[in-house]
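What follows is the residue order along each chain.
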Amino acid sequence: MRPGHPPRAIGAAARHDRPGGGSLSPETASPACLQIHLPDGRVHSFALSRPRSTIGRSAMNDLVISDLALSKRHAWIEKQGREFLLIDAGSRNGTFLNDARVGGPVALSHGDKIRIGSCRLYFFSEAVIANIGEPISDITTRIGQAPFRPDPAGYEEPTGFTFPQQLALARAIQKCMLPAESPVLPGFAVAADTQPCYAVGGDFYDFQMLDDGTFCFLLGDVARKGIPAAMLAHYSQALVRGAWNYESDLSSLTTRVNRDIWTHSPPNQFVTMCIFRMNLRTGEMCYVNAGHCPPLLICPSGEIEWLEESCLVLGIRPDEVYQCTRSRLPPGGLLALYSDGVTECRCEGGIEFERERLAAFFAGRMDRPLEPLISELEAELESYCAGPAPDDDVSLLLVRREG
């Protein structure tokens, strides 16, 4: 028995009557999976084929469950070697393994029961094929909706796509456009996440190491939300990603990107973006802020600095020239980029979260690992909203220079 957990309700002694039933054999086994039992009695399966599978009600998760009791990013299952770890992402209502609330990472065993919201998930180190129920497509769909099934012949019948299925495909494409994982950099920690308020969103982020050893990163926010914003977000991200490869000067790069966005977007659309280029040896940074929220820099001494220098948003004037500003991330310092969905998040009384709360949140947690820190902030924002759905996308990008 693992420390801190009661005897398992589903374990070695209960394998004959576990959900799915049957015994494992080479003919009936496949990679590890979750078996999801919905309150209405339906059963779905979800293959744990990725190094990390996130679970929550946000459309950006690998497994999306439309249950208001779940946080937007509720938990994740991470594969480490032959072991699978269950990790709560700072959820408001908790994640339970065999009826015990999960604190830190906990290793899963074959047959374990996971409870989140009103759903029951059973972990199998090898998926039992017989009687397992309806599988969920590799393209993320919401539990409770018909799974999206791509036509193997190459989508020959587009008239068969329902709007939810088109949204599922758009959501999958948007997720693929974002970096699959945070970069591993000597002497630095990096993490980022975005949580759209609709199925797809207009926030985006990106990273890239250049040949000269400098590290580039950005966070952007397209005006408005939903599908139109997501399309312009993809285009804007692709413009910068391509320009990084041949334009080393951020002023020239942003000026060029602005002209392209103005040329190829509607007159009522614009993009805010903060683009950084950092020397990993010295922590020296140059950046262009095109109308985005002022980045937050916290020194190891606790001193707070808002990088207030800003230029015009992108896509308004084709002949605008953008200027770089310089700063430095000291050893032990933290740089936080965020979208206005963070600071403009409102409680029931209409009071915004504001940047002072954001600074106070980070100032007391400077030594925390960055990915759990982002999850904790997302949970705090969700709690601050006190029930109503957020009305804007929420995105964060954190860079810490290890002291």
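Everything below is about the structure shown above.
Fair warning: this is a prediction, and the values are worked out from it, not measured in the lab. (Residues numbered from 1 in each chain as written. Predicted model: local features only at pLDDT ≥ 70, side-chain atom pairs only at ≥ 80, totals over all residues. Heavy atoms only, no water.)

Asks: Describe in detail the overall build of the protein chain, supporting the description with residues and values.
Replies: Summing up its helical and strand segments, the protein chain has six helices and 23 strands in all. Out of the 403 residues belonging to the protein chain, those deemed buried represent 54%. The contacts in the protein chain between residues at least 6 apart in sequence include a share of 64% that link residues at least 24 apart. Accessible surface, the protein chain: about 18,000 Å² in total, of which carbon and sulfur atoms supply 53%. (Helix = DSSP H or I, 4+ residues; strand = E, 2+ residues; numbered from the N terminus. Buried < 20%, exposed > 50% of the residue type's maximum accessible area, 1.4 Å probe, protein only. Contact = heavy atoms within 4.5 Å. Areas by Shrake-Rupley, 256 points an atom, 1.4 Å probe, with all protein chains shown as cover.)

Asks: Tell me what's going on with the packing of aromatic side chains, and back it up with residues and numbers.
Replies: Counted by the stated rule, this structure contains nine aromatic pairs. Where F84 meets F123, the ring centres are 5.4 Å apart and the plane angle is 55°; that geometry is what we call tilted. With F84 in strand β6 (residues 83-88) and F123 in strand β11 (residues 119-124), this residue pair connects regions lying 39 residues apart in the sequence. Note on accessibility: F84 and F123 belong to one class, buried. Ring centres of F361 and F362 lie 5.4 Å apart, and the angle between their planes is 80°; on these two criteria the pair is classed as edge-to-face. Judged by relative accessible area, F361 falls into the buried class, the value being 2%. Members of the aromatic cluster, joined through ring pairs, are Y205, F207, F215, F217, F276 and Y287. One cation-aromatic arrangement involves R52 over W76; the distance from NZ or CZ to the ring centre is 4.4 Å. Taking NZ or CZ as reference, R115 lies 4.1 Å from the ring centre of F96, over its face. (Phe/Tyr/Trp six-rings, centres within 6.5 Å; stacked < 30°, edge-to-face > 60°. Lys NZ or Arg CZ within 6 Å of the ring centre and 35° of its normal.)

Asks: Lay out the packing of helix α5 (residues 354-363) against helix α6 (residues 370-385) in plain terms, naming residues and giving numbers.
Replies: With their axes 11 Å apart at the nearest point, α5 and α6 run at an angle of 140° to one another. When the interaxial angle is binned, α5 and α6 end up oblique. Taken as a pair, α5 and α6 cross one another with a handedness that is right-handed. Here R357, L358, F361 and F362 of α5 come into contact with α6, specifically with L373, E376, L377, E380 and Y384. Taken together, the residues of the contact of α5 with α6 sort by class into six nonpolar, no polar and three charged. (Axes fitted to C-alpha atoms, helices over the stretch in contact; angles between N-to-C directions. Parallel < 35°, antiparallel > 145°, perpendicular 65-115°, else oblique. Left-handed = near helix turned anticlockwise from the far one by under 90°. Nonpolar A, V, L, I, M, F, W, Y, C, P; charged D, E, K, R; others polar.)

Asks: How would you explain the pattern of salt bridges if you had to name every residue and give the values?
Replies: All chains considered together, the criterion is met by 16 salt bridges. Its salt-bridge partner being E371, residue R52 comes within 2.3 Å of it at the nearest N-O pair. Of the two residues, R52 sits in strand β3 (residues 52-56) while E371 sits in helix α6, which places them 319 residues apart along the sequence. For R52, a relative accessible area of 27% puts it in the partly exposed group. Given a relative accessible area of 27%, E371 falls into the partly exposed group. Linking E378 and R73 is a salt bridge whose minimum nitrogen-to-oxygen distance equals 3.8 Å. You can see E378 sitting in helix α6 and its partner R73 sitting in the loop between β4 (63-65) and β5 (75-80), a full 305 residues away along the chain. Per residue, the accessibility class of E378 equals that of R73, and both read buried. Through salt bridges with shared partners, a single network forms among R50, D62 and K175. (Salt bridge = Lys/Arg side-chain N within 4 Å of Asp/Glu carboxyl O.)

Asks: So what's going on with helix α3 (residues 250-264)? Residues and values would help.
Replies: Since one α-helical turn is 3.6 residues long, residues separated by three or four positions face the same way. Along its 15 residues, α3 runs 21 Å from first to last C-alpha, staying within 8% of the 21 Å computed at 1.5 Å per residue. Among all positions of α3, only L250, S251, L253, T254, T255, V257, N258 and I261 are buried. On the buried face of α3, the contacting elements are α2 (226-244), β17 (271-279) and β18 (284-290). (Expected span 1.5 Å × (residues − 1).)

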